[in-house]
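Observations on chain architecture
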2 protein chains.
Amino acid sequence: MEKMNTTHIVIMAGGIGSRFWPMSTPEYPKQFVDVMGCGRTMIQMTVERFAPLCPLENMWVVTSEDYVGIIRSQIPEIPESNILAEPCARNTAPCIAYACWKIMAGCPEANIVVTPSDALVINVDEFRRIIRGALSFASEGERIVTLGIKPTRPETGYGYIAAGEQIAGSEICAVESFREKPDAETAQKYLDAGTYLWNAGIFIWNVDTIVGSLRRFAPELAAKMDTMAKAFYTADEKKVVGEVFPTCEKISIDYAVMEKADYIYTYPSDFGWSDVGTWGSLWTLLPHDENGNAVVGKNVHLYECKGCIVHAPNASSVVLEGIEDSIVVEREGRILICRMSEEQRIKEFQK
Amino acid sequence: MEKMNTTHIVIMAGGIGSRFWPMSTPEYPKQFVDVMGCGRTMIQMTVERFAPLCPLENMWVVTSEDYVGIIRSQIPEIPESNILAEPCARNTAPCIAYACWKIMAGCPEANIVVTPSDALVINVDEFRRIIRGALSFASEGERIVTLGIKPTRPETGYGYIAAGEQIAGSEICAVESFREKPDAETAQKYLDAGTYLWNAGIFIWNVDTIVGSLRRFAPELAAKMDTMAKAFYTADEKKVVGEVFPTCEKISIDYAVMEKADYIYTYPSDFGWSDVGTWGSLWTLLPHDENGNAVVGKNVHLYECKGCIVHAPNASSVVLEGIEDSIVVEREGRILICRMSEEQRIKEFQK
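Calculation rules
Residues numbered from 1 in each chain as written. Chains lettered and ligands numbered in written order. Predicted model: local features only at pLDDT ≥ 70, side-chain atom pairs only at ≥ 80, totals over all residues. Heavy atoms only, no water. Helix = DSSP H or I, 4+ residues; strand = E, 2+ residues; numbered from the N terminus. Buried < 20%, exposed > 50% of the residue type's maximum accessible area, 1.4 Å probe, protein only. Contact = heavy atoms within 4.5 Å. Areas by Shrake-Rupley, 256 points an atom, 1.4 Å probe, with all protein chains shown as cover. Lys, Arg positive; Asp, Glu negative; His and termini not counted. Charge placed at Lys NZ, Arg CZ, Asp CG, Glu CD. Pairing = 2+ DSSP bridges. Axes fitted to C-alpha atoms, helices over the stretch in contact; angles between N-to-C directions. Least-squares fit on C-alpha atoms with pLDDT ≥ 70 in both. Salt bridge = Lys/Arg side-chain N within 4 Å of Asp/Glu carboxyl O. pLDDT = per-residue confidence, 0-100. Parallel < 35°, antiparallel > 145°, perpendicular 65-115°, else oblique. Nonpolar A, V, L, I, M, F, W, Y, C, P; charged D, E, K, R; others polar. Buried area = accessible area lost by both parts, 1.4 Å probe. Arc of directions from axis to C-beta. Core = buried A, V, L, I, M, F, W, Y, C linked by side-chain atoms within 4.5 Å.

Looking now at the overall build of chain A. Across its full length, chain A holds 11 helices and 17 strands. Taking the principal axes of its C-alpha atoms as reference, chain A extends roughly 60 × 50 × 40 Å. By the burial criterion, 55% of the 351 residues in chain A qualify as buried. Summarising the internal contacts of chain A: among those between residues at least 6 apart in sequence, 66% fall at separations of at least 24. Working note: accessible area of chain A is about 14,800 Å², and carbon and sulfur atoms make up 48% of it. Distance between charge centroids for chain A: 3 Å, based on 33 positive and 47 negative side chains.

Below, the structure is given as structure tokens:
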């Protein structure tokens, strides 16, 4: 018998993307939008990025019940039973625990990658090389690997990982500590030091490691998962998950496990990564015209515009004259125009 | 038998309104749009303005074949047979001649008002008083009356009428001459002189006067109308109009008649009139918020905006931040943003 592929991918797709209104709305958030104007949504690009690493039946999506229909239509190649619907949002630890317990039920030797659904990777081959290396390293014992992105600028919008000693014969390093989003001065120090990495929120572990870690550091959550697991693959599954999952404490995986375990490693990586977390970062990633405008949408016409980002892929026609350094967005009859410098206020603007 | 009402109204509704794209498009031009956000389109307001002056069967609309459906749905109270479809646009003289010959066929004693379909009148009672006075004056002989609007500013966007001697016992004056749109200096002189009036393009005459005038000054056009008239109210009407009307010379009523006849009069009027011909003039007419923004549309939200006009009555949501002195328009997925100072370029922007 052929060796079973033990690699499983868990795509977290429950976010509501409020910073990108109206491109992203609670009904249709960013991960389901063709943000880059490349013909693929963020989650479709995420699936494609991981597709060569495991069979499709090893690919899992954890999401809100509201988004199950969107996921089935955007990634029909993933088995419907691999879409895990959270009855309500409970932050990342319950989300990840649900997926890992479920995977364990079918594949006790699983090695797992947990990833956001809405980040961008430019060099996909290098990304896969890194993921394969991390999976190999994590499969060998109680090791949690996080990808650490080599910073290219003093970014204040990301959390950082302070890398420690390099593992002999490997590119992977121990983690000294995790750091919150820094102020500008601290971010510059991190960049100058050369040992700080951006936390991409991509985790690699084997199923024993994550389940054991949660039993140790979050025993209540683990007990609830054990209850749920008894119903997995039975007719009662939906009912039991619906009863138990909402009773889980809202807690992040960083707080529940990362800050407590002493077997955390980071893989310093350089494959062109962005969480595409702000309009400013999207502007940076897209090609620009000679006036520094970045446009997604075929029917957009600019006159005397400078430094704008325009996202209107479905508008019949958009004509802009004399707009500078602004965000211009259209989606389904909702329109936003906002100066780039004011983008942090977009959450408050949502109507 | 009751005295027959001899007043007929001819509403010219063939314009394509290219200065207001995308609020106004060739498929759905300005006269069919609720420009003011009052719940009524410009042509609906025009019909309401004239409705007390004559029975509905005396109200006529001349338009392009393309707009017949829109007119039937917007003003179903007008008999379908009173919608005269021009097979193609031939400027105002053939348009007016068609309507007047048609009216003559059914009502040889008609007194006729010809009016654009897309202008605004504020004081409707005063407007009706003036129209009634002009009809009475025009019914008495070979007299063409044009409404002359008392200017309130040195407008360069309108043609002017130089008023001459006042008719004894009447508010109506002889016309000395018509003047093209002036430059700013000339417009100021006109305003200071006090004897110049804006030409509103509203004409009042009896049917003998206009038919006789066209026989005299545009005999070819009149001959074509006689040919068409033989088919009026027969099964051949559409066919004959379709053959003959396109052969008419493209010529304006101003050039064909107004500049040649010596029995032209003007009724100096003051009822709050605008042709709503530019975004700037619409901005002037609409109410403003404390920052000088004029908004049509319930779902429009402004932050740090000044001096803008926003027309988006059907958008689900429009949020604008940091826009000044600009025109912002949405209609059916088409969006325009343009500085007010550049509005004359909107024709070139149409996509």
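Don't stop here, the text continues.
Next up on the list: the sheet that holds strand β17 (residues 334–339) of chain B. Judged by pairing direction, the sheet is mixed, and its six strands sit side by side in the order β13(A)-β15(A)-β17(B)-β16(B)-β14(B)-β12(B) without closing on themselves. Single-partner strands in this sheet number two, and they are β13 (300–303) of chain A together with β12 (294–296) of chain B. For this sheet the average axis-to-axis angle between neighbouring strands, irrespective of direction, equals 5°.

Overlay of chain A on chain B (RMSD 0.0 Å): rotation 180°, translation along the axis 0.0 Å. Such a combination of turn and shift is consistent with a two-fold rotation axis. Taking C-alpha positions as the reference, the residue of chain A nearest the rotation axis is A:G333, at 3.3 Å. A high fraction, 100%, of the interface residues of chain A reappear at the interface in chain B, so the copies pair face to face through one surface.

With that out of the way, let us pick up the pattern of salt bridges. Throughout the structure, instances matching the rule amount to 38 salt bridges over all chains. A salt bridge links A:K238 to A:E65; its shortest N-O distance comes to 3.5 Å. Of the two residues, A:K238 is situated in helix α8 (residues 237–244) and A:E65 in the loop between β2 (59–64) and α2 (68–74); the sequence distance between them amounts to 173 residues. B:E304 serves as the salt-bridge partner of A:R345, at 2.8 Å between the closest nitrogen and oxygen. Of the two residues, A:R345 is situated in the loop between β17 (334–339) and α11 (346–349) and B:E304 in the loop between β13 (300–303) and β14 (309–311); the pairing between them involves two chains. For B:E304, a relative accessible area of 42% translates into the label partly exposed. Three or more residues joined by partner-sharing salt bridges are found here, namely A:E304, A:E321, B:R339, B:E342, B:R345 and B:E348.

Further remarks concern the confidence of the model for chain A. Averaged over all residues, the pLDDT of chain A is 95; the fraction at 70 or higher stands at 99%. Note on the complex model: pTM 0.86, ipTM 0.83.

Moving on: the packing of helix α6 (residues 207–217) of chain A against helix α7 (residues 219–231) of chain A. All names here are of chain A. The geometry of α6 relative to α7 is characterised by a closest axis approach of 5 Å and an angle of 125° between their N-to-C directions. Taken together, the axis directions place α6 and α7 in an arrangement best described as oblique. In this structure, α6 uses L214, R215, R216 and F217 to contact α7, whose residues at the interface are P219, L221, A222 and D226. Partitioning the contact of α6 with α7 into residue classes produces five nonpolar, no polar and three charged.

Before going further, it helps to spend a moment on the interface of chain A and chain B. Counting from both sides, the interface comprises 28 residues of chain A and, opposite them, 28 residues of chain B. The contact between chain A and chain B buries some 2,400 Å² in all, and 57% of this surface belongs to carbon and sulfur atoms. For chain A, the biggest contributors to the area lost against chain B are A:E321, A:I335 and A:I337; these three give 27% of the whole. At the boundary of chain A and chain B, one finds eight salt bridges. Note that A:E321 and B:R345 form a salt bridge whose closest N and O atoms lie 3.8 Å from each other.

Another aspect to go through is the pairing of strand β8 (residues 173–179) of chain A. Residue and element names in this part refer to chain A. Examined bridge by bridge, strand β7 (residues 160–166) and β8 share five bridges and lie antiparallel to one another. Across the sheet, the residue bridging to A162 is S177, located in β8. From the end of β7 to the start of β8, which pair antiparallel, there are six residues, and G169 there has a positive phi angle of about 75°.

Residues and elements named next belong to chain A. When we look at burial in α8, the residues that qualify are E237, V240, V241 and V244. All buried residues of α8 project into a common sector of 100° when viewed along the axis, lining one side. Facing away from the buried side of α8, by more than 90 degrees, are the exposed residues K238 and K239. As for α8, its buried residues are in contact with β3 (83–86), α3 (92–106) and α7.

What follows concerns the nonpolar core. In terms of nonpolar packing, the biggest core is built from 97 residues, with B:I131, B:I204, B:W205 and B:I253 touching the most fellow members. Among the elements that make up this core, the one with the highest residue count is helix α3 (residues 92–106) of chain B (nine residues). Sequence-distant contacts of B:I204, that is, excluding residues within four places in its chain, are made with B:I112, B:V113, B:I131, B:A134, B:L135, B:A138, B:R143, B:I144, B:V145 and B:L147. By size, the runner-up hydrophobic cluster in this structure holds 95 residues, among which are A:A93, A:Y98, A:A218 and A:A261.

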